[in-house]
Amino acid sequence: MHGYEGNKDDLLKRLRRAEGQVRGIARMVDDDQYCIDILTQVSAVTKALENVALSLLDDHLSHCVAEAAAQGGPVAEEKLKEANQAIARLVRS
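Not measured: the values here are computed from a predicted model.

A. Structural view of the environment of A68. For A68, the location among the structural elements is in helix α2 (residues 35–71). The sequence separation of A68 and E78 amounts to 10 residues, and the corresponding C-alpha distance is 8.6 Å. In contact with A68, other than residues within four places in its own chain, are V75, A76 and K79.

B. The arrangement of the pattern of salt bridges in detail. Per the counting criterion, the structure on display carries three salt bridges. For K79, the salt bridge is made with E82, and the minimal N-O distance between the two is 3.7 Å. Of this pair, K79 and E82 both sit in helix α3 (residues 73–92), three residues apart, which is roughly one turn of the helix.

C. Local environment of the layout of surface pockets. For the largest pocket, the calculated volume is near 200 Å³. Taken together, H2, G3, Y4, A53, L56, L57, D59, H60, C64, A86 and L90 make up the lining of the largest pocket. Those elements giving two or more residues to the lining of the largest pocket turn out to be α2 and α3. A per-class count over the lining of the largest pocket returns seven nonpolar, three polar and one charged.

D. Spotlight on a nonpolar patch on the surface. Where nonpolar side chains cluster on the molecular surface, the patch consists of L12, L15 and L49 and spans about 220 Å² of accessible area. Position of L12 relative to the elements: it lies in helix α1 (residues 8–30).

E. Region of interest: the nonpolar core. By size, the foremost hydrophobic cluster in this structure holds five residues: A18, I25, M28, I38 and V45. Mapped onto this core, the elements with two or more residues apiece are α1 and α2. Broken down by element, this core gets its largest block of residues, three residues, from α1. Those residues within four positions of M28 in sequence are excluded, and the remaining contacts are Q33, D37, I38 and Q41.

Criteria and cut-off values
Within every chain, residues take consecutive numbers counted from 1 along the sequence as written. Totals for whole chains, interfaces and linings use every residue, but because this is a predicted model, local features are given only for residues with pLDDT of at least 70 and side-chain atom pairs only at 80 or more, for both listing and counting. Excluding hydrogens and water, the side-chain values take into account all heavy atoms of the structure. Secondary structure follows DSSP: runs of H or I at least 4 residues long count as helices, runs of E at least 2 residues long count as strands, and numbering of each begins at the N terminus. Pairs of residues are marked as contacts when any of their non-hydrogen atoms sit within 4.5 Å. Put simply, a salt bridge is a Lys or Arg side-chain nitrogen that is within 4 Å of an Asp or Glu carboxyl oxygen. Two kinds of site are reported from a 1 Å grid over the protein atoms alone, namely cavities, where a 1.4 Å probe fits but cannot get out, and pockets, open sets with protein on both sides within 12 Å along at least five of seven lines, and residues are called lining when an atom falls within 4 Å of a point. Grid points are joined across faces, edges and corners, and a volume is the space filled by probe spheres set on the points. Basically, the charged four are Asp, Glu, Lys and Arg, the nonpolar ten are Ala, Val, Leu, Ile, Met, Phe, Trp, Tyr, Cys and Pro, and anything else, Gly included, counts as polar. Put simply, a patch holds well-exposed residues, over 30% relative accessible area, that have no salt bridge, with like charges counted together within 9 Å and Val, Leu, Ile, Met, Phe, Trp or Tyr side chains within 5 Å. Each accessible area value is a Shrake-Rupley result obtained with a 1.4 Å probe; residue values ignore everything except the protein chains displayed when judging cover. Here, the term nonpolar core denotes a set of buried Ala, Val, Leu, Ile, Met, Phe, Trp, Tyr and Cys residues that are joined through side-chain atoms within 4.5 Å. Only protein chains enter the accessibility calculation, which uses a 1.4 Å probe. A residue is then buried if its area is under 20% of the maximum for its type, exposed if over 50%, and partly exposed in between.

Below, the structure written as structure tokens:
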């Protein structure tokens, strides 16, 4: 079972909403809408995806990493390294 299993429905709902926002942005570009209006929508969908990422990260830390830390050893080291890399990717984006 993945750490996000309890939040799966919420995550899917958020992702579907973001998907709809992206389609709306494409329509705005196709309809030659004002640049600032499009950028506002891009900012909104970016924030929505960041929230999905943070939720997934929280689930991963509280489930996968916590279980590995309880086991200790190389499994814990690998999960901590993996989590650090994921956090670094989020901070860079």
